[in-house]
Amino acid sequence: MSVLKGFTVWFTGLSGSGKSTITLELDKQLRARGIPNVEIMDGDEVREHLSKGLTFSKEDRDINIRRIAFVCHLLTRNGIPNIAAAISPYRSTREYARDMIGNFIEVHVAAPLEVCEGRDVKGLYEKARQGEIENFTGVSDPYEAPLNPEVVCHTHEETVEQSAGKIVAFLERKGYLEPVL
Ligand code: ADP
């Protein structure tokens, strides 16, 4: 199987919802289907490089997302499959990314806040509750859930393999991937 046209799978969801975890599984499932060249734009990694120095103010979050969108646009138009995994909390900025990229698959990683906070993978919710981190999405900054995402992954109710499998199935159905015969 191969990629028939470039695309960007754009994850959005709270910290700890499962974006990075599903990204790795999706990359693995795509590799297993003969697609070795998936480019991954992970939110934390982007902030170490492309967006180093930006804060979590609304303005800087928007700049961060617009930068990711621009890179995904360049790659997508050259036939590369991409995955972007950043919180991307604001609806209007995701719409900007959608319009710029075109072949855009918005995936809402939709675990409830209590579940994400219970996981507290990086200990950030605890810090946010104690006021040590400002503008923390879900605690002291808004999260605007997508109204019409292409795929929703309920990570508190499904396995990571199921979540990634739903995305692969969508990509096949919409003609991004050659179907398996
Ligand atoms: P994010 O990238 O959204 O901040 P992470 O992927 O770093 O989130 O963390 C998600 C946590 O939830 C991980 O510890 C992961 O093992 C766990 N988890 C449990 N079930 C799932 C699932 N179905 N999909 C993704 N992650 C899951």
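Overview of the structure.

1. Structural notes on the nonpolar core
Within the largest apolar cluster, 22 residues are counted, with the highest numbers of intra-cluster contacts made by V9, F11, L26, I105, V107, I167 and L171. Elements represented by at least two residues in this core include exactly β1 (7-12), α1 (19-32), β3 (81-85), β4 (104-109), β5 (151-153) and α7 (160-173). If you tally residues by element for this core, the top one is α7, at five residues. Not counting residues within four places of it along the chain, the set of residues in contact with I167 comprises V9, F11, I22, L26, V107, V151 and C153.

2. Comments concerning the environment of L54
In this fold, L54 is placed in the loop between α2 (43-48) and α3 (58-77). By relative accessible area, which is 18% here, L54 ends up buried. Counting along the chain gives 20 residues from L54 to G34, while the straight-line C-alpha distance between them is 37 Å. Non-local contacts of L54, meaning those with residues more than four positions away in its chain, are made with R47, D60, I63, N64 and R67.

3. A word on the sheet that holds β3
The sheet built from five strands is open, its strands ordered β2-β3-β1-β4-β5 with parallel pairing. Edge strands, defined here as strands with exactly one partner in the open sheet, are β2 (39-42) and β5. Averaged over neighbouring strand pairs, the angle between their axes works out to 20 degrees when direction is ignored. Against the sheet, α1 contacts β1, β2, β3, β4 and β5, and its axis sits at roughly 150 degrees relative to β1. Where α3 meets the sheet, it contacts β1, β2 and β3, and its direction lies at approximately 155 degrees from that of β1.

4. A look at the side chain of H73
Summarising the element assignment, H73 is placed in helix α3. Excluding residues within four positions of it along the chain, H73 makes contact with M100 and I101.

5. What to know about the pattern of salt bridges
If you walk through the whole model with that rule in mind, you get 13 salt bridges. Of the charged contacts in the structure, one is a salt bridge between D141 and R61, with a shortest N-O distance of 3.5 Å. Highlighted residues: D141 in the loop between α6 (124-129) and β5 and R61 in helix α3, separated in sequence by 80 residues. One exposure class covers both D141 and R61, and it is buried. Members of the salt-bridge network, linked through shared partners, are R94, E95, R98, E106 and E150.

6. What about α3?
The end-to-end C-alpha distance of α3, which contains 20 residues, comes to 28 Å, matching closely the 28 Å that a straight helix rising 1.5 Å per residue would cover. Listing the buried residues of α3 in full gives D60, R61, D62, N64, I65, I68, A69, C72, H73 and T76. Of the surrounding secondary structure, the elements contacted by the buried residues of α3 are β1, β2, α2, β3 and α4 (91-101). Note on α3: the residue one or two positions beyond its end, G79, has a positive phi of about 85 degrees.

7. Considerations on the pairing of β1
The side chains of a regular strand alternate, first on one face of the sheet and then on the other. With six of six residues buried, β1 is to be regarded as a mostly interior element. Of the two faces of β1, the one holding F7, V9 and F11 and the one holding T8, W10 and T12 are both buried throughout. Where β1 lies against β4, five bridges are found, and the strand directions are parallel. Looking at the pairing, F11 lines up with V107 of β4.

8. Things to note about the site of the ligand
The ligand sits among 16 residues. The nearest are G16, K19, S20, T21 and E158. Contacts to the ligand include G16, whose backbone N or O atom sits 2.7 Å from an oxygen atom. One nitrogen or oxygen atom from the main chain of S17 is found 3.3 Å from an oxygen atom belonging to the ligand. The dominant element in the shell around the ligand, judged by the number of residues it contributes, is α1, at four residues. In terms of residue class, the shell around the ligand is made up of four nonpolar, eight polar and four charged.

What counts, and where the lines are drawn
- Residues numbered from 1 in each chain as written.
- Predicted model: local features only at pLDDT ≥ 70, side-chain atom pairs only at ≥ 80, totals over all residues.
- Heavy atoms only, no water.
- Core = buried A, V, L, I, M, F, W, Y, C linked by side-chain atoms within 4.5 Å.
- Buried < 20%, exposed > 50% of the residue type's maximum accessible area, 1.4 Å probe, protein only.
- Helix = DSSP H or I, 4+ residues; strand = E, 2+ residues; numbered from the N terminus.
- Contact = heavy atoms within 4.5 Å.
- Pairing = 2+ DSSP bridges.
- Axes fitted to C-alpha atoms, helices over the stretch in contact; angles between N-to-C directions.
- Salt bridge = Lys/Arg side-chain N within 4 Å of Asp/Glu carboxyl O.
- Expected span 1.5 Å × (residues − 1).
- Near = heavy atom within 4 Å.
- Polar contact = N/O pair within 3.5 Å; in protein donor to acceptor, adjacent residues only side chain to side chain.
- Nonpolar A, V, L, I, M, F, W, Y, C, P; charged D, E, K, R; others polar.

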